[in-house]
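Listed below are the residues making up each chain.
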Amino acid sequence: MRWLGEDFSGGFFRRIYAPSNPGGLWWALMVAVVLTVLHQLLQIAFVLILLGFALVFKLDLNVSHEVTKAALVSVLPASLIVAALGWWLAGKRGGRAAEVLGLRWPKLTVLGWAALVASFILVMYAAITAIVFIFHIDMSQYTPGPDGQSPKTGSAGAVKEAMFDIANEPWVFALVFPAIAIGAPLAEEVIFRGQLFSALSQTRLGVAGATLLTALMWSLMHVTEPWLSVGLIFVMGLVFGYLIYRFGSLWVTIVCHGIWNGFYALLIFFVLGGGA
């Protein structure tokens, strides 16, 4: 395993994660709530600014679609602010921010990173395939039209439909892509697999309980999306919990989360939407 990096040695169940959170559980819960609420408020503020700009210049808008697009664009600045605040708060109550958040840089080679990300993507697609097969899911019910139209059987989810619509607008996609691939993963991992995961794993719940609880909380944050999306987010949360346990680094989940989001966005843009 030397060619993959030192952290790959030791088998599937080697534990590298060593949580450190002197602030305790209640402090971590409060921080998670504050960061989550702040992220939503910042998005609302940025959306209002963007829509105000559009009104000033008397742009012709489809309000429902434009609000969702503006919300997606606003994810990047909101997430960067939340991540920076999360870092600052992690250094309070006697903690060292890098240790509390688990921002240890993993000992992996370039090939190790490639193998890790590829394995993560394969596991997720295997989970998707299994869920679709077991529950006899018709994926057409969750696939918008090329212009983001809802399927005849219902909604594919506001975000997914907006992404399909954005695939026809390259300049908007260029604004949304960093929000999807960088902003959202950074903020969500800091909130759910950062200080909160560290605090929960130091209770009787342990890493397994922390993984289950943070995956559940993260998936419930997306409850406005179709149940299939919520279920897949829960499964991804479980996988991220294992990756934290195994590699002891929040960078691993940030990178995997970002590549998954980015890959999916590019797939919509070049293949499923109209971006090609």
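Residues numbered from 1 in each chain as written. Predicted model: local features only at pLDDT ≥ 70, side-chain atom pairs only at ≥ 80, totals over all residues. Heavy atoms only, no water.

1. Considering the overall build of the chain
Argument step 1. What the chain contains, in helices and strands, is 9 helices and 0 strands.
Argument step 2. Listing every helix and strand of the chain by position from the N terminus yields α-α-α-α-α-α-α-α-α.
Argument step 3. Taken over C-alpha atoms, the radius of gyration comes to 19 Å for the chain, in line with the 19 Å a tight globule of 276 residues would show.
Argument step 4. The principal-axis extent of the C-alpha atoms belonging to the chain is close to 55 × 40 × 35 Å.
Argument step 5. When the 276 residues of the chain are sorted by exposure, 48% land in the buried category.
Argument step 6. A fraction of 72% describes how many contacts in the chain between residues 6 or more apart in sequence connect residues 24 or more apart.
Argument step 7. Accessible surface computed for the chain: about 13900 Å², of which carbon and sulfur atoms make up 73%.
Argument step 8. When the 15 basic and 13 acidic side-chain charges of the chain are each reduced to a single mean position, those positions are 16 Å apart. (Helix = DSSP H or I, 4+ residues; strand = E, 2+ residues; numbered from the N terminus. Rg over C-alpha atoms; globule rule 2.2 N^0.38 Å. Buried < 20%, exposed > 50% of the residue type's maximum accessible area, 1.4 Å probe, protein only. Contact = heavy atoms within 4.5 Å. Areas by Shrake-Rupley, 256 points an atom, 1.4 Å probe, with all protein chains shown as cover. Lys, Arg positive; Asp, Glu negative; His and termini not counted. Charge placed at Lys NZ, Arg CZ, Asp CG, Glu CD.)

2. Re the packing of helix 4 (residues 110-134) against helix 8 (residues 227-247)
Argument step 1. Where helix 4 contacts helix 8, the axes come no closer than 11 Å and their chain directions differ by 145 degrees. Seen from above, helix 4 lies across helix 8 with right-handed handedness. Two secondary-structure elements touch here, helix 4 through Leu-116, Phe-120, Val-123, Met-124, Ala-127, Ile-128 and Ile-131 and helix 8 through Leu-228, Leu-232, Val-235, Met-236, Val-239, Phe-240, Leu-243 and Phe-247.
Argument step 2. Its residues assigned to classes, the contact of helix 4 with helix 8 shows 15 nonpolar, no polar and no charged. (Axes fitted to C-alpha atoms, helices over the stretch in contact; angles between N-to-C directions. Left-handed = near helix turned anticlockwise from the far one by under 90°. Nonpolar A, V, L, I, M, F, W, Y, C, P; charged D, E, K, R; others polar.)

3. With respect to a nonpolar patch on the surface
Argument step 1. Taken together, Val-33, Val-37, Leu-41, Ile-44 and Leu-48 make up a surface patch of nonpolar side chains, about 480 Å² in accessible area.
Argument step 2. When you line up the elements, Val-37 lands in helix 1 (residues 25-56).
Argument step 3. By relative accessible area, which is 43% here, Val-37 ends up partly exposed. (Patch = residues over 30% accessible without salt bridge, like charges linked within 9 Å, V, L, I, M, F, W, Y side chains within 5 Å. Salt bridge = Lys/Arg side-chain N within 4 Å of Asp/Glu carboxyl O.)

4. Quick word on the nonpolar core
Argument step 1. Counting 52 residues, the largest nonpolar core has Leu-116, Phe-120, Leu-243 and Cys-256 as its most contacted members.
Argument step 2. Counting only elements with at least two residues in this core, the list comes to helix 1, helix 2 (63-90), helix 3 (97-101), helix 4, helix 6 (170-201), helix 7 (206-220), helix 8 and helix 9 (250-272).
Argument step 3. Here the element with the most residues in this core is helix 8; it accounts for 9 residues.
Argument step 4. With residues near it in sequence (within four places) discarded, Phe-120 still touches Met-236, Val-239, Phe-240, Leu-243, Cys-256 and Trp-260.
Argument step 5. Grouped together as the second largest cluster of nonpolar side chains are 13 residues, Ile-166, Val-176, Ile-180 and Ala-265 included. (Core = buried A, V, L, I, M, F, W, Y, C linked by side-chain atoms within 4.5 Å.)

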